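# What the coordinates show
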Amino acid sequence: MDPTFAERNVNEGFSGGEKKRHEVLQLELLRPKIALLDETDSGLDVDALRVVSEGVNRAKAANDMGILLITHYTRILRYIEPDFVHVFVDGRIVEQGGPELADELEANGYDRYLAQA
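Residues numbered from 1 in each chain as written. Predicted model: local features only at pLDDT ≥ 70, side-chain atom pairs only at ≥ 80, totals over all residues. Heavy atoms only, no water.

## Things to note about the overall build of the protein chain
This is how it is decided: The numbering of helices and of strands both runs from the N terminus, where a helix is a DSSP run of H or I of at least 4 residues and a strand a run of E of at least 2. A simple rule labels every residue: compare its accessible area, found with a 1.4 Å probe on the protein chains alone, to the largest value its type can have, and call it buried under 20%, exposed over 50%, or partly exposed in between. Two residues qualify as a contact provided that any one of their heavy atoms is within 4.5 Å of a heavy atom in the partner residue.
In terms of helices and strands, the protein chain carries four helices and four strands. Moving toward the C terminus, one meets the helices and strands of the protein chain in the order α-β-α-β-β-β-α-α. Reported as C-alpha extents along the three principal axes, the dimensions of the protein chain are approximately 50 × 30 × 25 Å. The buried share of the protein chain, taken over its 117 residues, is 28%. Sequence-distant contacts in the protein chain: of pairs separated by 6 or more residues, those separated by 24 or more amount to 53%.

## A few points about the packing of helix α1 (residues 16-30) against helix α2 (residues 46-63)
Stated formally: Axis lines are fitted through C-alpha atoms, for helices just across the contact stretch, and the angle between N-to-C directions can take any value from 0 to 180 degrees. Angular relationships are summarised with four words: roughly parallel below 35 degrees, roughly antiparallel beyond 145, roughly perpendicular across 65 to 115, and oblique for the angles in between. Residues are sorted three ways: Asp, Glu, Lys and Arg are charged, Ala, Val, Leu, Ile, Met, Phe, Trp, Tyr, Cys and Pro are nonpolar, and all the rest, Gly among them, are polar.
Across the interface, α1 lies against α2 with an axial gap of 9 Å and an inter-helix angle of 5°. The angle between α1 and α2 places the two elements in the roughly parallel class. Residues Gly17, Lys20, Arg21, Val24, Leu27 and Glu28 of α1 lie in contact with α2, whose contacting residues are Ala48, Val51, Val52, Gly55, Val56, Arg58, Ala59 and Asn63. Of the residues that constitute the contact of α1 with α2, the class distribution is seven nonpolar, three polar and four charged.

Note that all results are geometric; they support no functional claim without further evidence.
Okay, here's the thing in structure tokens:
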């Protein structure tokens, strides 16, 4: 984290990637037992995605933290490997599996789940 960030108000003038890095810093400092990360990958470029993912992985490993990562894309899963993948439709889990389910979703989309709804 750039030391000059400490001289600004919270998120003042931060880019999207800087805000995400700040959130990961808070995650590492606060050390919750479980973290809910909602679309953490949204708006990140490739470099920022890598930095943020490394921070999440570091926080998870150092604190034995549970992570619920909500995403619509598998790009972040190249850096943060899931233990479980769940597909939600209308607030219900309609399928669950391992990392291979994320690969299947990337290849085939969500159409079959939406047809069931």
